[in-house]
Amino acid sequence: MQIEARDIAVSLGGKLVLRGIDLSLRAGEMVGLIGPNGAGKTTLLRVLADLLPADAGSLRYDGLTARALGRKTLARRIAFLAQGGTVHWQMRAGAVVALGRLPHRRPFADQNAADHAAIARAMAAADVTGFTERTLDSLSGGERMRVLLARALAVEARMLLADEPLAGLDPLHQLEAMALLRRTAHAGAGVVVVLHDLSLAGRFCDRLVLLDQGRVLADGAPDSVLDDANLARTFGIEVARGAHDGQPYALPWRPIPRKDETAS
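Residues numbered from 1 in each chain as written. Predicted model: local features only at pLDDT ≥ 70, side-chain atom pairs only at ≥ 80, totals over all residues. Heavy atoms only, no water.

K.L.:
Mind showing me how you'd approach the overall build of the chain here?
P.N.:
Across its full length, the chain holds 11 helices and 11 strands. The globule rule puts the C-alpha radius of gyration for 264 residues at 18 Å, and the 19 Å found for the chain is close to it. Dimensions of the chain along its principal axes, counting C-alpha atoms only, are 70 × 40 × 35 Å. Burial analysis of the chain (264 residues in total) assigns 45% to the buried set. Carbon and sulfur atoms form 51% of the exposed surface of the chain, whose accessible area is close to 13,100 Å². Between the centroid of the 32 positive side chains of the chain and the centroid of its 29 negative side chains there is a distance of 6 Å. (Helix = DSSP H or I, 4+ residues; strand = E, 2+ residues; numbered from the N terminus. Rg over C-alpha atoms; globule rule 2.2 N^0.38 Å. Buried < 20%, exposed > 50% of the residue type's maximum accessible area, 1.4 Å probe, protein only. Areas by Shrake-Rupley, 256 points an atom, 1.4 Å probe, with all protein chains shown as cover. Lys, Arg positive; Asp, Glu negative; His and termini not counted. Charge placed at Lys NZ, Arg CZ, Asp CG, Glu CD.)

Have a look at this one:
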């Protein structure tokens, strides 16, 4: 699947949040959306998922508009994992993951063998099989996020859009979630993920898109996007660089003093 966004602009509450966004996304690639708070990452992800209309610009899915493609088809092709892991129903984890199969089922139809298999695969991949009978209110925030990730995986969509899926996860499950998302992409689906951890973004993503003040500041290979100038301009930080197992990394190290601080 390919998503093409051209000259996208969005205003929220009278404020221009996104402007002039050009972005191409394709299957088989894991793309990290990074940028400071308020840069427009979540808004862009919601636009890409057709959950928020753009005020200007065009959006195409395999060359078609969302309207031409149809809501049912789009729901099968794009899975969306929202930020925060909030669930308003006290359901068993297994039932929550099963919701990911709704786009594939006829109204009121029971789950078939393909649904059961997809649900089992998704729960195993997200390491939540042991939670099948537990209600979500009995799980920690990180455990709930893994259940919701499993629900998104159960769709077996051509494109997975995930908004801060690492929130609340411990270091082990952060690494496992990033490895899982990368495997999902390299198995043929497209993955777009909003991230704040620059070291994990640089390590696991094939490509990074750096947003700043509603615009795309940089789009390309992680090494080129995570350069000193970009990080200083967008985040106001210096980074410590190194390499491990042949992979470079950049760790946020210290704030760059503001001009008023240096003047004093």
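After that view, the rundown keeps rolling.
K.L.:
Looking at this structure, I do not really get the pattern of salt bridges. What am I missing?
P.N.:
Between side chains of opposite charge, pairing is possible as soon as their charged atoms come close. Per the stated rule, a full pass over the model turns up 13 salt bridges. Salt-bridge contacts for Arg92 lead to Glu133; the nearest nitrogen and oxygen are separated by 3.5 Å. With a gap of 41 residues between them, Arg92 in the loop between β5 (78-81) and α4 (93-98) and Glu133 in the loop between α5 (113-125) and α6 (141-154) connect regions that are remote in the sequence. Judged by relative accessible area, Arg92 falls into the partly exposed class, the value being 36%. Across the salt bridge formed by Arg207 and Asp219, the nearest N and O atoms sit 2.7 Å from each other. Of this pair, Arg207 sits in strand β8 (residues 207-212) while Asp219 sits in strand β9 (residues 215-220), and the two are 12 residues apart along the sequence. (Salt bridge = Lys/Arg side-chain N within 4 Å of Asp/Glu carboxyl O.)

K.L.:
Even after reading the chapter, I still don't get helix α7 (residues 171-186), so can you show me in this structure?
P.N.:
Along an α-helix, residues three or four apart share an orientation, since each turn contains 3.6 residues. Given a rise of 1.5 Å per residue, 16 residues ought to cover 22 Å, and the 23 Å separating the end C-alpha atoms of α7 matches this to within 8%. Those residues of α7 that sit buried are His173, Ala177, Met178, Leu180, Leu181, Thr184 and Ala185. In an axial view of α7, the angular spread of the buried residues amounts to 160 degrees, which keeps them on one side of the axis. Residues of α7 that are exposed and point more than 90 degrees away from the buried face comprise Pro171, Leu172 and Arg183. (Expected span 1.5 Å × (residues − 1). Arc of directions from axis to C-beta.)

K.L.:
Would you mind showing me how to read the side chain of His173 here?
P.N.:
Examined against the element boundaries, His173 turns out to sit in helix α7. On the basis of relative accessible area, His173 is assigned to the buried category, the value being 12%. Beyond its immediate chain neighbours, meaning those up to four positions away, His173 contacts Asp127 and Arg146. (Contact = heavy atoms within 4.5 Å.)

K.L.:
Would you mind going over the sheet that holds strand β1 (residues 2-12) with me for this structure?
P.N.:
Sheets are built from strands paired through backbone hydrogen bonds, the pairs being either parallel or antiparallel. Reading across the sheet, the 3 strands line up as β2-β1-β4 and stay open at both edges, with antiparallel pairing between neighbours. A strand with exactly one partner marks an edge of an open sheet, and here the two such strands are β2 (15-26) and β4 (56-61). Within this sheet the neighbouring strands show an average axis-to-axis angle of 20 degrees, counted without direction. As paired elements, β1 and β2 share 8 bridges and run antiparallel to each other. Residue Gln2 lies in a different strand from β2, and its bridge partner there is Arg26. (Pairing = 2+ DSSP bridges. Axes fitted to C-alpha atoms, helices over the stretch in contact; angles between N-to-C directions.)

In short, geometric facts, not functional conclusions.
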